[in-house]
Amino acid sequence: DIQLTQSPSSLSASVGDRVTITCRASQSISTYLNWYQHKPGKAPKLLIYAASSLQSGVPSRFSGSGSGTDFTLTITSLQPEDFATYYCQQTYSTPPTFGQGTKVEIK
Amino acid sequence: EVQLVESGGGLVKPGGSLRLSCAASGFTFSSYGVNWVRQAPGKGLEWVSAISSSSSYIYYADSVKGRFTISRDNAKSSLYLQMNSLRAEDTAVYYCARENSYGDFIYFDYWGQGTLVTVSS
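Before going into details, it helps to say that this report is about the structure given with it.

Tallying secondary structure elements over chain B gives zero helices and 11 strands in all. If you list the helices and strands of chain B from N to C, you get β-β-β-β-β-β-β-β-β-β-β. Relative to its length of 121 residues, chain B is compact, with a C-alpha radius of gyration of 14 Å against a globular reference of 14 Å. With respect to the three principal axes, the spread of C-alpha positions in chain B is 45 × 25 × 25 Å.

Take the interface of chain B and chain A next. With 19 residues of chain B at the contact, the number on the chain A side is 21 residues. Summing both sides of the interface, chain B and chain A together bury roughly 1,800 Å²; the carbon and sulfur share of this comes to 66%. Where chain B meets chain A, there are zero salt bridges. The interface formed by chain B and chain A contains five residue pairs in polar contact (both at pLDDT 80 or more). Listing elements by their share of the side of chain B that touches chain A, those giving two or more residues are β4 (33-39), β5 (45-51), β9 (92-102) and β10 (105-111) of chain B. Here the element with the most residues in the side of chain B that touches chain A is β10 of chain B; it accounts for six residues. By residue class, the composition of the side of chain B that touches chain A is 11 nonpolar, four polar and four charged.

Cis rather than trans, the peptide bond between serine 7 of chain A and proline 8 of chain A has omega equal to -5°. In this structure, proline 8 of chain A sits in the loop between β1 (4-7) and β2 (10-13). Residue proline 95 of chain A follows threonine 94 of chain A across a cis peptide bond; omega there is 5°. As for its position among the elements, proline 95 of chain A is in the loop between β9 (85-90) and β10 (97-98). Backbone geometry at alanine 51 of chain A places phi at a positive 75°, although glycine is not the residue there. Inspection of the secondary structure assignment puts alanine 51 of chain A in the loop between β5 (45-49) and β6 (53-54). Phi is positive for serine 77 of chain B, which is not a glycine, with a value near 50°.

Tallying each qualifying case throughout the model produces two disulfides over all chains. Two residues share a disulfide in this structure: cysteine 23 of chain A and cysteine 88 of chain A, whose sulfurs sit 2.1 Å from each other. A torsion of 75° about the S-S bond marks the disulfide between cysteine 23 of chain A and cysteine 88 of chain A as right-handed. Separated by 65 residues along the polypeptide, cysteine 23 of chain A in strand β3 (residues 19-25) and cysteine 88 of chain A in strand β9 bring together distant segments of the chain. The disulfide partner of cysteine 22 of chain B is cysteine 96 of chain B, and the S-S distance across this bridge is 2.0 Å. Because the sign of the S-S torsion sets the handedness, a value of about 55° for the bond joining cysteine 22 of chain B and cysteine 96 of chain B places this disulfide among the right-handed ones. Taken together, the residues cysteine 22 of chain B in strand β3 (residues 18-25) and cysteine 96 of chain B in strand β9 connect sequence positions 74 residues apart.

This part is about the sheet that holds strand β8 (residues 78-83) of chain B. All names here are of chain B. Ordered in space as β1-β3-β8-β7, the four strands form an open sheet in which the pairing is antiparallel. Among the strands making up the open sheet, the edge pair consists of β1 (3-7) and β7 (68-73). Taking each pair of neighbouring strands and ignoring which way they run, the sheet shows an average axis angle of 15°. Alignment of β1 against β3, held across five bridges, turns out to be antiparallel. Bridge assignment links glutamate 6 to a residue of β3, and that residue is cysteine 22.

Here the focus is the nonpolar core. Counting 44 residues, the largest nonpolar core has Phe98 of chain A together with Trp36, Leu79, Leu81, Met83, Tyr94 and Trp111 of chain B as its most contacted members. Ignoring sequence-local partners within four residues, the contact set of leucine 81 of chain B consists of Leu18, Arg19, Leu20, Trp36, Val48, Phe68, Thr69, Ile70 and Tyr94 of chain B.

Right, let's talk about the environment of serine 121 of chain B for a bit. Looking at the element boundaries, serine 121 of chain B is found in the segment after β11 (115-119). When sequence neighbours within four positions are dropped, the list of residues in contact with serine 121 of chain B reads Lys13 and Pro14 of chain B.

All right, on to the environment of isoleucine 75 of chain A then. Tracing the backbone shows isoleucine 75 of chain A in strand β8 (residues 70-75). Among residues more than four places away in sequence, those in contact with isoleucine 75 of chain A are Asp17, Arg18, Val19, Arg61, Phe62, Asp82 and Tyr86 of chain A.

Quick notes on the rules
Residues numbered from 1 in each chain as written. Chains lettered and ligands numbered in written order. Predicted model: local features only at pLDDT ≥ 70, side-chain atom pairs only at ≥ 80, totals over all residues. Heavy atoms only, no water. Helix = DSSP H or I, 4+ residues; strand = E, 2+ residues; numbered from the N terminus. Rg over C-alpha atoms; globule rule 2.2 N^0.38 Å. Contact = heavy atoms within 4.5 Å. Buried area = accessible area lost by both parts, 1.4 Å probe. Salt bridge = Lys/Arg side-chain N within 4 Å of Asp/Glu carboxyl O. Polar contact = N/O pair within 3.5 Å; in protein donor to acceptor, adjacent residues only side chain to side chain. Nonpolar A, V, L, I, M, F, W, Y, C, P; charged D, E, K, R; others polar. Disulfide = S-S within 2.5 Å. Pairing = 2+ DSSP bridges. Axes fitted to C-alpha atoms, helices over the stretch in contact; angles between N-to-C directions. Core = buried A, V, L, I, M, F, W, Y, C linked by side-chain atoms within 4.5 Å. Buried < 20%, exposed > 50% of the residue type's maximum accessible area, 1.4 Å probe, protein only.

All we've got here are geometric facts, nothing functional implied.
Take a look at the structure:
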């Protein structure tokens with residue numbers, strides 16, 4: 001199975017900050033990488049698919065980049081509603097696997 | 001509006017069985033693959049199982065293979081997960097998620113809010 005390692009596991013940030021989360025794959029996955037936002041008690045929400053494509057309806061402050069084994073999710077100006085846990089997911093091969101998550105907390 | 005609503009969770013003893021359901025609406029259910037994903041307390045997301053639109057392809061995580069069975073009824077726009085021989089480590093919130101694609105790129109674009117399964121004596 002392909003392992004995904006996210007860093008950091010958690011971070012504290014303020015409204016308006018630029019936030020970067022990285023995801024590293026245990027082998028090359030081209031751009032078969034998605035990003036999700038998850039809030040407690042809510043359904044996970046797709047943000048980015050195919051490494052850099054913004055899902056319809058997702059604010060443009062979210063962006064994704066990378067290919068091969070190294071990927072990045074960037075939030076350019078953190079908003080109060082962005083405090084959540086973020087997961088990367090690979091769909092290069094079955095089973096699809098998730099990173100362990102990055103919790104973004106209020107500083 | 002696309003909606004996925006899970007049901008059937010609850011408290012069950014180790015070794016017991018439970019059947020989860022996911023009712024879909026707002027889209028042509030028979031045109032999409034669907035997945036089950038779970039989240040154990042304090043843990044991250046873990047993919048459990050997938051079924052293609054016509055049930056031709058079915059996949060399971062190693063952790064549930066031989067114990068869980070995924071199925072669907074396109075006439076009822078419903079997805080199911082039959083869970084047998086349940087273990088404490090199966091305790092989790094179970095989500096159903098619609099699978100979509102952009103060319104070869106697969107992603108889960110809609111998720112339900114989940115149903116809690118607790119395995120405990």
